[in-house]
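Residue-level structure breakdown
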Amino acid sequence: MDLKIKEEARRLQKELTFHSRQYHVLDDPLISDHEYDMMLRRLKEIETLFPELSVEDSPTKRIGAPPLESFESAPHTLPMLSLDNAFSDQDITDFHNRILKNLETKKVLYTVEPKLDGVAVELRYEEGILVRATTRGDGFRGEVITDNVRTIRSVPLRLDRDKKNPPALIEVRGEVIIFEKDFQALNRQRLEKGESLFANPRNAAAGSLRQLDSKITAKRPLAMFAYGLGQVQGMDFNTQAEFLETLEAFGFRVNPHIRKGISLKEALVFYGRLQEMRPDLDYEIDGMVIKVDRIDMQRALGEKIKSPRWAIAYKFPATQETSTINDIRVQVGRTGTLTPVAELAPVRVGGVTVSRATLHNEDEIIRKDIRIGDRVLVVRAGDVIPKVVKVIDSARTGDEKEFCMPRFCPVCNSPVSRLPDEAAVKCINSGCPAQLKERIRHFVSKKGFDVDGLGKKLVELLVDKDLVKDFADLFSLEQSTLAALDRMGEKSAQNLVNAIRHAKRVSLNRLLFALGIDHTGENAAMLLAREFPGLPELMDADQLRLESIHGLGEKGSTAITRFFSIPENRAVIQRLLGAGVEIFNDLYRLKEDSREEQDHVFSAKTIVLTGTLETMTRDEAKTALRDLGAKVTSTVSSKTDFLIAGAKAGSKLAKAKNLNITVLEESDLIHMLAHGKRD
Ligand code: IVH
């Protein structure tokens, strides 16, 4: 075999492993997905031609292995225990006091971690190579799922040895999860393919790990956070904190919201913080795990049959509860869509009282067979609208009533229609007051005209009293009219008038968002504003011109042309302008301003500065480069376009040379800043 091919394979394996870790473990990709895919494809080609180059830990091994007949099972060398649960600060204090007594000490420090709601696995590494992965099973024996776990990009196939030498044997435990956004995308895909949906990320992760065909697992967006230790030979840790740092050095993804070596009091404070953070996290957690930090103390405390004495789970209040559907009402949205909403017997879910939950649409009700009177499971994930997950069949009495989608709009009584390939039933009367209310609410919302103090109740009142019949009417509301409304004082009426006047000056992108054009959210509105100097140019743009806008998509461009081709919509714009709405477009101007920059050699380039500059400070150089549209970073990588090396440049210069990156001296920099090019 050609030695060159062997070298290329090794290089590709190394680089792909590096970039996969940047992406999946460190969340900091340095190359594009496309570049990665091209490299992977090349490596696959080579390994197919020369199978002897296809080493155990090659990145190509992540695509799945031939299907299994069934899973083998294997014992855990050390049992995988579960945790006792605590539900109050008192429970935790009791736990702490037991430990102090047991150890006959006065001080214990803890490491606390989010309790991830996923699937626990154990990974066995021999001489740094992943040789086996198992599920937790009954804690004593688990199923061998090595092929499946190899497909998880954040699981190292070989432990990184740059910072620390891997021990002869180490078993690392962790939680396999699916990030919320990936879960949503996965379910969307399944919906499109007519497959059944996963109830939550944990079920999806569990189901994916249980595939006999690892090629299926490979297509699932699994990730793993490492947190625990099984057997180890040839390495020792003093604390859990130190262990976690070692895991990071080996290339594992370790949760960023971990507090190391803190007191009990700090742990309790952090529990509150974690609960606040929970809605914003992109994965599900159901509590906090408190672990005694010192490993010698852990050993001294030991284990009970099913759980350790040195750790406990402080659970969050449940976000799933059961309740009863008292009724199903139908809401009419901004675009006329009828949404069935369950009226629930009020129930506390995750610390909030819930009395309504969306049922999405008719198909969803049929699929889940939801009836009025049913006992149901309700979830609330973060700040998302609560939803009904499923009916508790065993609680059926036979008195439940089936629900039928109305054939007339519950608000304006116009007939409703359902397009053949859509799930939504719509009220076809564009003058429907329910639609108008929702359109106005959207119009004045934060991302639209952002009118302070114009909430749901007030919008309803204004529409019901015929004071607002279209957007433009908002701008002619007078203080005296508003003050005469129910529950509206002189002062709040004046404040509202001021807020409306203030909102009259609006950016083009906010206006476009506010109009509520189909498929035109915040992003699309910004794309449009960047392309067109003003509204007239956009209104007259043809479909082709719109389609050429990168990122807008066909649906977006069709919706825009359709919207502006309707005379009534053009008239609304005229009325807004007539009412004194003033549109500016700072996004377009920004783009115009940067035209000049775009021609410069440094524009859009990634540049690293190193060493001492003589004629300017590092910050001055940075600012000058950034003004020209360059990205100035601090580490040299294959993504770096230029390294600017001042006096006494050291390791960065060496690395840049190694990677064949163009190195500029200070004199080159000055010349190029001024002339935009190198001689
Ligand atoms: S430590 C003996 N740390 O919770 C220590 N577990 O009820 C046991 N879990 O099966 C595990 N996040 O699936 C630990 N940061 C974390 C965890 C965690 C989630 C799960 C794990 C375990 C269960 C115990």
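Residues numbered from 1 in each chain as written. Predicted model: local features only at pLDDT ≥ 70, side-chain atom pairs only at ≥ 80, totals over all residues. Heavy atoms only, no water.

Observations concerning the overall build of the protein chain
Across its full length, the protein chain carries 26 helices and 24 strands. Taking the principal axes of the C-alpha coordinates as reference, the protein chain spans close to 85 × 80 × 55 Å. Taking contacts inside the protein chain between residues at least 6 apart in sequence as the whole, the part at least 24 apart equals 67%. Put simply, the protein chain shows about 35700 Å² of open surface, and 49% of that area lies on carbon and sulfur atoms. A gap of 2 Å separates the mean positions of the 101 positive and 102 negative side-chain charges of the protein chain. (Helix = DSSP H or I, 4+ residues; strand = E, 2+ residues; numbered from the N terminus. Contact = heavy atoms within 4.5 Å. Areas by Shrake-Rupley, 256 points an atom, 1.4 Å probe, with all protein chains shown as cover. Lys, Arg positive; Asp, Glu negative; His and termini not counted. Charge placed at Lys NZ, Arg CZ, Asp CG, Glu CD.)

What to know about the nonpolar core
Residues F449, F564 and L576 are the most contacted members of the largest nonpolar core, which totals 57 residues. Looking at this core, the element that brings in the most residues is helix α15 (residues 490-503), giving 6 residues. Apart from the residues lying within four places of it in its own chain, the contact partners of F449 are F443, V444, F475, A503, V506, L511, A514 and V581. Within the second largest apolar cluster, 37 residues are counted, among which are I145, I152, L159 and A226. (Core = buried A, V, L, I, M, F, W, Y, C linked by side-chain atoms within 4.5 Å. Buried < 20%, exposed > 50% of the residue type's maximum accessible area, 1.4 Å probe, protein only.)

Some details on the side chain of H76
Tracing the sequence through the fold places H76 in the loop between β1 (73-75) and β2 (85-86). Exposure remark for H76: the relative accessible area of 7% places this residue in the buried category. One polar contact links H76 to E122, side chain to side chain, over a distance of 3.1 Å. In this view, H76 contacts E122, T134, T135, R136, G139, F140, R141 and G142; residues no more than four positions away in its chain are not counted. (Polar contact = N/O pair within 3.5 Å; in protein donor to acceptor, adjacent residues only side chain to side chain.)

Observations regarding the sheet that holds strand β21 (residues 606-610)
A sheet is described by the order of its strands in space; here 4 strands give the open sequence β22-β21-β23-β24, paired in parallel fashion. Edge strands, defined here as strands with exactly one partner in the open sheet, are β22 (631-633) and β24 (662-665). Taken over all neighbouring pairs, the strand axes of this sheet differ in orientation by 30 degrees on average, direction set aside. Note that β21 and β22 share 3 bridges and pair parallel. If you follow I607 over to β22, its bridge partner there is V632. Across the sheet, helix α24 (residues 618-627) lies against β21, β22 and β23 (642-645), angled at about 170 degrees from β21, the strand it touches most. The strands that helix α26 (residues 666-675) touches are β23 and β24; relative to β24, the one it contacts most, it runs at about 90 degrees. (Pairing = 2+ DSSP bridges. Axes fitted to C-alpha atoms, helices over the stretch in contact; angles between N-to-C directions.)

Examining unusual backbone geometry
Despite not being glycine, H360 shows a phi value in the positive range, around 70 degrees. Topologically, H360 is positioned in the loop between β14 (352-358) and α11 (362-368). Although it is not a glycine, A604 sits at a positive phi angle of roughly 65 degrees. Secondary-structure assignment places A604 in the loop between α23 (595-598) and β21.

Comments concerning the site of the ligand
Around the ligand lies a shell of 14 residues, among which E113, L116, E175, Y227 and K291 are the nearest. Here a nitrogen atom of the ligand and a backbone polar atom of P114 are 3.4 Å apart. For the ligand, a nitrogen atom lies 3.0 Å from a polar atom in the side chain of K291. Its free accessible area being 520 Å², the ligand has 86% of it covered by the protein chains. Put simply, the parts of the chain that give the shell around the ligand at least two residues each are β3 (110-116) and β10 (285-292). At 4 residues, the largest contribution of residues to the shell around the ligand is made by β3. Per-class residue counts for the shell around the ligand are 8 nonpolar, 1 polar and 5 charged. (Near = heavy atom within 4 Å. Nonpolar A, V, L, I, M, F, W, Y, C, P; charged D, E, K, R; others polar.)

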